[in-house]
Amino acid sequence: MTMDDLAGAIVVALDRYGWPEAVRGVKQFCIDFEDANDHVRHEMLYIEPRSTGSRAFDAMLAGLAEHLAFHHGMKVPHWALNPERSVDDKWWFATDTPSLRPLCFVDTPAAFACRGVFLPRSALAHV
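Residues numbered from 1 in each chain as written. Predicted model: local features only at pLDDT ≥ 70, side-chain atom pairs only at ≥ 80, totals over all residues. Heavy atoms only, no water.

Draft legend 1. Just the overall build of the protein chain, in detail. The number of helices and strands found in the protein chain is 6 helices and 2 strands. Sequence-ordered secondary structure for the protein chain, helices as α and strands as β, is α-α-α-α-β-α-α-β. Counting only C-alpha atoms, the protein chain reaches 40 × 30 × 25 Å along its principal axes. Counting across all 127 residues of the protein chain, residues that qualify as buried make up 46%. The contacts in the protein chain between residues at least 6 apart in sequence include a share of 71% that link residues at least 24 apart. In the protein chain, 12 side chains carry a positive charge and 17 a negative one; their mean positions are 3 Å apart. (Helix = DSSP H or I, 4+ residues; strand = E, 2+ residues; numbered from the N terminus. Buried < 20%, exposed > 50% of the residue type's maximum accessible area, 1.4 Å probe, protein only. Contact = heavy atoms within 4.5 Å. Lys, Arg positive; Asp, Glu negative; His and termini not counted. Charge placed at Lys NZ, Arg CZ, Asp CG, Glu CD.)

Right, here's the structure in full:
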């Protein structure tokens, strides 16, 4: 699965099931990325994804690409540095449980937080 494949899966999940299912797709991508070899990781990360139609999920994908690249000694994909891939002057929490939001402020990796996306680290599986 490439980032573009993930974006397509997110579009379907958002349309049919809602954002929690879309976040589960991100978690599965992380698991698959960890299990892949370097060549496959390159293929997974560097293909620019289509827009999901959600500014929050587009920002999440950019944060995910930067985060994974950093933790695996890879160059951040150019598309992930696009300022359009951030949440405009707002914060988006990948949880609907208000009591988890303070944890998200502390637990969110920097690559996501700088784009306005806050999520529990557990949403990223093994990352």
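There is more to say, and it comes next.
Draft legend 2. Highlighting the side chain of Thr52. Inspection of the secondary structure puts Thr52 in the loop between α3 (38-46) and α4 (55-71). Within the structure, the side chain of Thr52 is placed 3.1 Å from the backbone nitrogen of Ser54, a separation counted as a polar contact. With near-sequence residues (within four places) excluded, Thr52 lies in contact with Ala7, Ile10, Val11, Leu14, Phe57, Asp58 and Leu61. (Polar contact = N/O pair within 3.5 Å; in protein donor to acceptor, adjacent residues only side chain to side chain.)

Draft legend 3. Highlighting the packing of aromatic side chains. Using the criterion set out here, one finds 6 aromatic pairs in the structure. Between Trp91 and Phe105, the ring centres sit 4.9 Å apart and the planes meet at 80 degrees, which makes this aromatic pair edge-to-face. One end of the pair, Trp91, is in the loop between α4 and β1 (92-93); the other, Phe105, is in helix α5 (residues 101-107), with 14 residues separating them in the sequence. Residue class for Trp91 comes out exposed when judged on its relative accessible area of 57%. According to the relative accessible area criterion, Phe105 is partly exposed, its value standing at 40%. Put simply, the rings of Trp91, Phe93, Phe105 and Phe118 pair up and form one aromatic cluster. (Phe/Tyr/Trp six-rings, centres within 6.5 Å; stacked < 30°, edge-to-face > 60°.)

Draft legend 4. Geometry of the pattern of salt bridges. The full count for this structure, using the stated rule, is 5 salt bridges. We note a salt bridge from Arg55 to Glu84, for which the minimum N-O separation is 3.8 Å. Taken as a pair, Arg55 in helix α4 and Glu84 in the loop between α4 and β1 lie far apart in primary sequence, 29 residues in all. Its relative accessible area of 30% is what places Arg55 among the partly exposed residues. Judged by its relative accessible area of 52%, Glu84 falls in the exposed class. Its salt-bridge partner being Glu66, residue Arg115 comes within 2.7 Å of it at the nearest N-O pair. (Salt bridge = Lys/Arg side-chain N within 4 Å of Asp/Glu carboxyl O.)

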